[in-house]
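Residue-level structure breakdown
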2 protein chains.
Amino acid sequence: MTSKLKLYQDWKFKLSAYQMVLSLLDIDRITVAPPDGNAYRDERTAFLSGELFDISTDRGMMEILQEILSDETLNRDLRKEASLYYKEASDIVCIPRDVYLDYKKLIERSYLIWLKAKYTDDYSLFEPLLREIIESRKVLIGYRKSDKPLYDEMLNDYEPGSSTAFYDPFFETVKERLLPLIERVSKAERIDDSILHRYYPADRQKAFTHEFLLPFLHFEPSWGYQNETEHPFTSWLSQNDCRTTTKYVENDIVSAIFSTIHETGHAWYAHNIDPRYDGSILSYGVSSAMHESQSRFCENYLGRSHAFWEYCYPHLQDYFPAELGEVPLETFYRAVNLSTPSPIRTEADELTYPIHVLIRYEIEKGLFDGSISTERLDQTWNDKYREYLGIEITKASQGLLQDVHWSSGDFGYFPTYALGSAFGAQFYHRMLQDLDVNGALRSGDYLAPISWLKTNIHQYGASLTASEIIQRVCGEAFKPEYYIDYLENKYGELYGLD
Amino acid sequence: MTSKLKLYQDWKFKLSAYQMVLSLLDIDRITVAPPDGNAYRDERTAFLSGELFDISTDRGMMEILQEILSDETLNRDLRKEASLYYKEASDIVCIPRDVYLDYKKLIERSYLIWLKAKYTDDYSLFEPLLREIIESRKVLIGYRKSDKPLYDEMLNDYEPGSSTAFYDPFFETVKERLLPLIERVSKAERIDDSILHRYYPADRQKAFTHEFLLPFLHFEPSWGYQNETEHPFTSWLSQNDCRTTTKYVENDIVSAIFSTIHETGHAWYAHNIDPRYDGSILSYGVSSAMHESQSRFCENYLGRSHAFWEYCYPHLQDYFPAELGEVPLETFYRAVNLSTPSPIRTEADELTYPIHVLIRYEIEKGLFDGSISTERLDQTWNDKYREYLGIEITKASQGLLQDVHWSSGDFGYFPTYALGSAFGAQFYHRMLQDLDVNGALRSGDYLAPISWLKTNIHQYGASLTASEIIQRVCGEAFKPEYYIDYLENKYGELYGLD
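Residues numbered from 1 in each chain as written. Chains lettered and ligands numbered in written order. Predicted model: local features only at pLDDT ≥ 70, side-chain atom pairs only at ≥ 80, totals over all residues. Heavy atoms only, no water.

With that out of the way, let us pick up the overall build of chain A. Within chain A, the secondary structure is distributed over 21 helices and three strands. Taken against the 2.2 N^0.38 rule, which gives 23 Å for 498 residues, the C-alpha radius of gyration of chain A at 23 Å falls within 12% of a compact globule. Once the C-alpha set of chain A is aligned to its principal axes, its extents read approximately 70 × 50 × 50 Å. Per-residue burial over chain A gives 58% buried out of 498 residues. The long-range fraction of contacts in chain A, counting pairs at least 24 apart against all pairs at least 6 apart in sequence, stands at 73%. Element-wise, carbon and sulfur atoms account for 50% of the exposed surface of chain A, whose accessible area totals about 20,600 Å². Across chain A, 51 positive and 78 negative side-chain charges occur, with their mean positions spaced 3 Å apart. (Helix = DSSP H or I, 4+ residues; strand = E, 2+ residues; numbered from the N terminus. Rg over C-alpha atoms; globule rule 2.2 N^0.38 Å. Buried < 20%, exposed > 50% of the residue type's maximum accessible area, 1.4 Å probe, protein only. Contact = heavy atoms within 4.5 Å. Areas by Shrake-Rupley, 256 points an atom, 1.4 Å probe, with all protein chains shown as cover. Lys, Arg positive; Asp, Glu negative; His and termini not counted. Charge placed at Lys NZ, Arg CZ, Asp CG, Glu CD.)

Right under this line is the structure:
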């Protein structure tokens, strides 16, 4: 076994080297790479992805992985790690190479057509592709020869252990309790957020971000670097090399601020994982929902709290004395927490956000159980927005063409966004028992809640499952009620509801 | 042969993929990568370098390369390309792997010790390492079993076809004709360049660079990207993906400007090479001197010309109205062409620059023929600076510890810096016969000289040798006299010498 474990460690290292360069190529492409060089880079990136594919699905190594898995004398982390690698490899290796490559090509093609369809507001362009992708996904998942329904397999890919049986009651609760709340809020007096939409020059926003906000968030240049892109994201080469981006919007003072808090939340998760896991599959974080729970935790539970702004707002005013000098903290705090139904998920407020996800979940489920068809899917989409949020979608670009996910075959991902927020609420409830979160934020101590997250969640990486972590931290299983309670309390108070 | 050529093309492509990611890792490390992530990245970068090493020295491919070389039915470019790959591989493959790896480790170690020695101004720290590097280089080159003297082998590595027999008369001419000129200039009335050293805020310099200078130089965002680093450099992933850097110095208005013109000169060379050579060894440029000839051509022959500033100076004044608004063009032009002996090569003016190189050439030659020892080399160095430039070096950091080259074993590289300037002068002389260079610059047309360089030099990449290009463009062999004449005329005029 010793020599096999040596082979395994070498294989892991090799895998991590290719993953590192592919991450870097991706970061570089999105941030600064000159576009005329894309074709050259892409050809070679595809070649290196192929190398990574061959390494990760090496048959000899898969046998070793199985041996590790079945050797109960080995330590828990090692076997957990091997099981994750094995799952990843076996999900791909069962697919014939030509089928897999055809699918990759379909995805490349469909991305461009989705872009065009979105740009021209024409769902009919994208519809045949969407149908083809769904059919291909069914075929691909079929090779796994799993007993589970197709959509459950996909949900499980992003959120291990999840299924429609897990998500259904969650979204049922969201629907039952949040839709009435949203209705009540929409009838209450509207919060005026016009002060957020004055003209805020990008260079001063950038100065605030780099001189105050990033240092306040302890996003240190020694392990983190922030750049600018059209769509903010976080990526990392290792736990001490985290890259985030933001976007400065000149008629919105909080867009870059909240995206910065959100993305550095992902970065903190990656940075805080036990160093023993660096470069291993255990360093990726437990699941999509768990990662999203951390970024949204930072953005919403911390970043949109009153205490956060008690400390930070005077600093923001210093950078924008003419624009905000006379605006009271209270006005600003209420403005950043305005809730109002809107068509775009990524711009949605904390309260209406899960409804956007609910709609996508219901549609994905229907697309895979056959109860919803891609034909006239734009109508289905618009009907749901009318029914749940009371808004009329008039353009496909603001409707079902807004998100990139389906064009790249990522079905089953959306639900993790809402689940992440719900995980976050349960953690927040627990954190408040351990820590004077608001007191810490009020005194400018952002590290206190981050340290709590590190100790209780981040450090474990993927060595525990999401439910194991929740059970360990909260002493009980996941409960969506914490999330709903939090939203009810927060928005009840903000909008003066009884 | 057809199937072998297919194997060869696949091998070239593979090689180019690894080279691309290694370049990107290097660019990233120097520009933005968080330092705490270095160790993780370096381990994996070393692994990928090993992969590249194994691919580039593949024995089976070396046999195919030899077959290509000896097949006279194949086209010239293909055989030239194969010969360059073969030379590169055979120079390494003759070295036993452990000897090669030991050398790599020595270089890594010596770099850090050089840094420390430079920082503490203590040559004695670095001396044992320098001795060891020289001995190792001798051993390494010895494996080639070449008939040539060691230093000739090294000169030839950077400048194919060169040798001491080639450089000796060149530097003899430099010495004979430039030393007296420098002496005369130093006795003439000193040019006042104090206006260059007022306070010039970095953000306004940056605005000038990005809003005016880079567009003026036609360094387009579609194929080029400029960043900032301590030491400006140029690197490229492909001809349509060129990365340069600069450094903004707040008490020097021209430092960033000339480094930008210099580095984009390298970038233009890489960008203009025939697209058929992209990704091949033929795309690297003919030689170090030829590359340097292009960057220094842009920096000096174009960038320090009167015509260049006739167009650009009013734009610079627009960005610095308080600092330069009242300063006449003539004062500015003379200031950027001030010549005065100084200890640091990279900060030297156009006239004294080749003397810095001459000193290094004489020392390197002596170190390898045994006439100069590493012991008390600081004294040898300082003696030469006193003799040739009339200056006293009081600190090793301003003396023989100033350059990184020797710590990384790069002997034979320095001479290409001076040779590049001399190539440039010969090209410039020829260009003036084809093109109204000054008229073009005066009207803001920087592309006219660049197009000439593309047609006559850049496009060929390494498919021709430096001497073939010079012969083809200038209708005669390389002659150092053009360089000396240019300097005599320019500085004679500037300093009012007869």
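Glancing now at the sheet that holds strand 2 (residues 234-238) of chain B. Residues and elements named next belong to chain B. With mixed pairing, the three strands of this open sheet are ordered in space as 1-3-2. If you trace the sheet from one side to the other, it starts and ends with strand 1 (224-228) and strand 2, each paired once. Sheet twist, expressed as the average angle between the axes of neighbouring strands with direction ignored, equals 20°. In terms of strand pairing, strand 2 meets strand 3 (residues 241-246) through four bridges, oriented antiparallel. Each residue of the ladder has a partner; that of serine 238, found in strand 3, is aspartate 241. Across the sheet, helix 10 (residues 255-272) touches strand 1, strand 2 and strand 3, and the angle it forms with strand 3 is around 165°. (Pairing = 2+ DSSP bridges. Axes fitted to C-alpha atoms, helices over the stretch in contact; angles between N-to-C directions.)

Residue and element names in this part refer to chain A. Tallying each qualifying case throughout the model produces 80 salt bridges over all chains. Across the pair arginine 360 and aspartate 403 runs a salt bridge, and its minimum N-O distance is 2.7 Å. Here aspartate 403 lies in the loop between helix 16 (377-389) and helix 17 (414-434) and arginine 360 lies in helix 15 (residues 353-369), a separation of 43 residues in the sequence. One exposure class covers both arginine 360 and aspartate 403, and it is buried. A single salt-bridge network, built from bridges that share partners, covers Lys87, Asp91, Arg144, Lys148, Glu153 and Asp157. (Salt bridge = Lys/Arg side-chain N within 4 Å of Asp/Glu carboxyl O.)

Before going further, it helps to examine the relation of the copies chain A and chain B. The operation relating chain A to chain B is a screw motion whose rotation component is 180°, with 0.0 Å of axial translation and a residual RMSD of 0.0 Å. Each copy turns onto its partner about a two-fold axis. Within chain A, Val21(A) has its C-alpha nearest the rotation axis, a separation of 3.3 Å. The residues that chain A uses at the interface reappear at the interface of chain B in 100% of cases, marking a shared surface. (Least-squares fit on C-alpha atoms with pLDDT ≥ 70 in both.)

Attention now goes to the interface of chain A and chain B. Listed by partner, the interface residues are 37 residues for chain A and 37 residues for chain B. Roughly 3,200 Å² is buried in total at the junction of chain A and chain B, and carbon and sulfur atoms are behind 69% of that figure. Seen at the junction of chain A and chain B, the total is four salt bridges. Here Asp28(A) and Arg243(B) are joined by a salt bridge, their closest N and O atoms 2.8 Å apart. One can count 13 residue pairs in polar contact (both at pLDDT 80 or more) joining chain A with chain B. Only helix 1 (2-31), helix 2 (38-56), strand 1 (224-228), strand 2 (234-238) and strand 3 (241-246) of chain A provide two or more residues apiece to the side of chain A that touches chain B. (Buried area = accessible area lost by both parts, 1.4 Å probe. Polar contact = N/O pair within 3.5 Å; in protein donor to acceptor, adjacent residues only side chain to side chain.)

The next thing to look at is the domain arrangement of chain A. When the parts of a complex come together, some accessible area is lost, and that lost area is often taken as the interface size. All names here are of chain A. By the assigned domains, chain A splits into domain 1 (2-150) and domain 2 (164-494). A straight line from the C-alpha centre of domain 1 to that of domain 2 covers 27 Å. Listed per partner, the contact involves 36 residues of domain 1 and 39 residues of domain 2. Both faces considered, domain 1 and domain 2 share a buried interface measuring about 3,200 Å² in area, 64% of it formed by carbon and sulfur atoms. Across the domain 1-domain 2 interface, the total number found is two salt bridges. Put simply, domain 1 and domain 2 have 15 residue pairs in polar contact (both at pLDDT 80 or more) between them. Of all elements in the fold, only helix 1, helix 4 (76-93), helix 5 (97-120) and helix 6 (123-142) reach the threshold of two or more residues within the side of domain 1 that touches domain 2. Partitioned by chemical class, the residues of the side of domain 1 that touches domain 2 number 18 nonpolar, five polar and 13 charged. (Domains from an automatic or database assignment. Nonpolar A, V, L, I, M, F, W, Y, C, P; charged D, E, K, R; others polar.)

A few words now on the environment of Leu400(B). Residue and element names in this part refer to chain B. Mapped onto the secondary structure, leucine 400 falls in the loop between helix 16 (377-389) and helix 17 (414-434). For leucine 400, a relative accessible area of 5% translates into the label buried. Along the backbone, leucine 400 and tyrosine 123 are 277 residues apart, and their C-alpha atoms lie at a distance of 8.2 Å. Here leucine 400 is in contact with Tyr123, Leu377, Asp378 and Trp381, once residues within four sequence places are set aside.

Our next topic: unusual backbone geometry. Residue and element names in this part refer to chain B. Phi at aspartate 121 is positive, roughly 55°, even though this residue is not glycine. Checked against the element boundaries, aspartate 121 lands in the loop between helix 5 (97-120) and helix 6 (123-142). Within the chain, lysine 145 stands out as a residue other than glycine whose phi angle is a positive 50°. Along the chain, lysine 145 falls in the loop between helix 6 and helix 7 (150-158). The class of lysine 145 is exposed, set by a relative accessible area of 69%.

Residue and element names in this part refer to chain A. Taking strand neighbours across the sheet as the criterion, the three strands line up as 1-3-2 in an open arrangement whose pairing is mixed. Strands at the two margins of the open sheet, each flanked by one partner only, are strand 1 and strand 2. On average, each strand axis in the sheet is tilted by 20° relative to the strand beside it, whichever way the strands run. Pairing geometry for strand 1 and strand 3, over five bridges, is parallel. Within strand 3, the position partnered with asparagine 227 by the bridge is threonine 245. Packed onto the sheet, helix 10 (residues 255-272) meets strand 1, strand 2 and strand 3 and runs at close to 165° relative to strand 3.

So, about the environment of Pro160(B). Residues and elements named next belong to chain B. Looking at the element boundaries, proline 160 is found in the loop between helix 7 and helix 8 (164-187). Each C-alpha atom, one on proline 160 and one on valine 286, is 8.3 Å from the other, the two residues being 126 residues apart in sequence. Other than its neighbours up to four places away in sequence, proline 160 contacts Val286 and Ser287.

A separate point is the side chain of Asp241(A). Here Asp241(A) shows up in strand 3. Take Asp241(A): its relative accessible area is 0%, and that puts it in the buried class. At 2.8 Å, the side chain of Asp241(A) and the side chain of Arg41(B) are in polar contact. For Asp241(A), the residues in contact, after removing those within four places along its chain, are Trp223(A), Ser235(A), Trp236(A), Pro34(B), Gly37(B) and Arg41(B).

This paragraph deals with helix 11 (residues 288-302) of chain A. Owing to its 3.6 residues per turn, the α-helix aligns residues three or four sequence positions apart on the same side. Residue and element names in this part refer to chain A. With 15 residues, helix 11 should cover 21 Å at 1.5 Å per step; its first-to-last C-alpha distance of 20 Å lies within 8% of that length. Along its length, helix 11 reaches its greatest deviation from straightness, about 35°, at arginine 296. Helix 11 sits mainly inside the fold: 15 of its 15 residues count as buried. (Expected span 1.5 Å × (residues − 1). Bend = angle between axes of the 7 residues up to and from the residue.)

On to the packing of helix 8 (residues 164-187) of chain A against helix 21 (residues 481-494) of chain A. Residue and element names in this part refer to chain A. One can describe the packing of helix 8 onto helix 21 by two numbers: an axis separation of 10 Å at closest approach and a directional angle of 5°. By the angle class used here, helix 8 and helix 21 are roughly parallel. Between helix 8, through Phe170, Thr173, Val174, Arg177, Leu178, Leu181 and Val185, and helix 21, the contact on the second element is made entirely by Glu481, Tyr483, Ile484, Asp485, Leu487, Glu488 and Tyr491. Of the residues that constitute the contact of helix 8 with helix 21, the class distribution is nine nonpolar, one polar and four charged. (Parallel < 35°, antiparallel > 145°, perpendicular 65-115°, else oblique.)

All names here are of chain B. Its location among the elements puts alanine 348 in the loop between helix 14 (329-335) and helix 15 (353-369). In this structure, the C-alpha to C-alpha distance between alanine 348 and proline 221, residues 127 residues apart in sequence, is 31 Å. In this structure, alanine 348 is in contact with Ser342, Tyr353 and His356, ignoring residues within four places of it in sequence.

In this section: the packing of helix 15 of chain B against helix 17 of chain B. How two helices sit against one another is set out by the angle between their axes and by the gap between those axes. Residue and element names in this part refer to chain B. The N-to-C vectors of helix 15 and helix 17 enclose an angle of 145°; their axes lie 8 Å apart at closest approach. Our pair here, helix 15 against helix 17, has a crossing hand that is left-handed. Residue-level inspection shows Tyr353, Pro354, Val357, Arg360, Tyr361 and Glu364 of helix 15 in contact with helix 17, the latter providing Phe414, Pro415, Tyr417 and Ala418. Taken together, the residues that form the contact of helix 15 with helix 17 break down as eight nonpolar, no polar and two charged. (Left-handed = near helix turned anticlockwise from the far one by under 90°.)

This brings us to the packing of aromatic side chains. Scanning the entire structure with this criterion turns up 93 aromatic pairs over all chains. Relative to Phe411(A), the ring of Trp406(A) lies with its centre 6.1 Å away and its plane at 20°, an arrangement referred to as stacked. A relative accessible area of 3% places Trp406(A) in the buried class. Looking at Phe411(A), the relative accessible area reads 0%, which means it is buried. Between Phe308(B) and Trp309(B), the aromatic rings sit 5.2 Å apart at their centres with planes inclined by 70°, giving edge-to-face as the arrangement. Like Phe308(B), the residue Trp309(B) is buried in the burial classification. Between the NZ or CZ atom of Arg44(A) and the centre of the ring of Tyr40(A), over which it lies, the distance is 3.5 Å. Directly above the ring of Phe258(B) sits Arg304(B), whose terminal nitrogen or CZ lies 3.9 Å from the centroid. (Phe/Tyr/Trp six-rings, centres within 6.5 Å; stacked < 30°, edge-to-face > 60°. Lys NZ or Arg CZ within 6 Å of the ring centre and 35° of its normal.)

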